[in-house]
Amino acid sequence: MKKGLFVVFEGIDGSGTSTQASLLRERLLLDEEHAITTSEPSEGPLGNLIRQAMKGRVRFANGKEEFDQQMAYLFAADRHDHLHNEIDGVFKFINAGTHVISTRYFFSSLAYHSHDKESFEFVRNLNARFPDPSIVIYLDNPVELSIERMANRAHKDKYENFEKLKEVSQNYKKIFSEYKGELLKLDARLDPNSLHQIIYSKIRAIANE
């Protein structure tokens, strides 16, 4: 049986990753292929703890650097569970021939939890053993546009602010300028349907290799 693809969408908050992940899944289902969407933090027990911490419902360190370090540890633990658990883990589905489309993976930890060279290396080491996905699709979005798109959200988490997203955007540019794996970098300002067509064509090409 041919394995499914592990497709990862990355980008700052408000860049449209969830929209494009959903569109891709729907298109693959129309092709009569098995496909699911998932995300990080996951829907597992550790992922739910992270979501509560991001909302401020669970208290962690108050300092930005300390909070980022705690999040990096939690995300790495959640990521291991997300990949390996026997109930709904990513590897279980891929090995059964299902395409797994995830919004966020270890690239997000590098982008969101790093603020200097030392912290970048700390996060990189925490995630060093996680495998590269089949492809990363990076939606590059201006911070100003992301803030505008998120204006009507009922609740914003600790990272959804201009200062943090500017830092994250710069980190993403560094990460993907050095990344050696399969990468599709797109301008998130393009029309969503146009973006989808480009993404689908790329996924179709990889799946048919």
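Residues numbered from 1 in each chain as written. Predicted model: local features only at pLDDT ≥ 70, side-chain atom pairs only at ≥ 80, totals over all residues. Heavy atoms only, no water.

A. Geometry of helix 3 (residues 64-84). Spanning 21 residues, helix 3 covers 30 Å between terminal C-alpha atoms, matching the ideal 30 Å at 1.5 Å per step. Looking at helix 3, one finds that the buried residues are Phe67, Asp68, Met71, Ala72, Leu74, Phe75, Ala76, Asp78, Arg79, His82 and Leu83. (Helix = DSSP H or I, 4+ residues; strand = E, 2+ residues; numbered from the N terminus. Expected span 1.5 Å × (residues − 1). Buried < 20%, exposed > 50% of the residue type's maximum accessible area, 1.4 Å probe, protein only.)

B. Molecular detail of the nonpolar core. Counting residues in each nonpolar core, the largest one holds 36 residues, and the members touching the most others are Phe6, Met71, Tyr105, Phe107, Tyr112, Tyr172 and Phe176. Going through the elements one at a time, strand 1 (6-10), helix 2 (45-55), helix 3, helix 4 (90-95), helix 5 (106-112), helix 6 (117-126), strand 4 (135-140) and helix 8 (162-178) are the ones with two or more residues in this core. (Core = buried A, V, L, I, M, F, W, Y, C linked by side-chain atoms within 4.5 Å.)

C. View of helix 6. Regarding helix 6, the residues found buried are Ser119, Phe120 and Val123. Looking down the long axis of helix 6, one finds its buried residues gathered within 105° of arc, a one-sided arrangement. Across from the buried face of helix 6, at angles greater than 90 degrees, the exposed residues are Lys117, Glu118 and Asn125. Where helix 6 is buried, its residues contact helix 3, helix 5 and helix 8. Near the N-terminus of helix 6, the side chain that reaches the backbone nitrogen of Glu118, with its oxygen 3.3 Å away, is that of Asp116. (Arc of directions from axis to C-beta. Contact = heavy atoms within 4.5 Å. Polar contact = N/O pair within 3.5 Å; in protein donor to acceptor, adjacent residues only side chain to side chain.)

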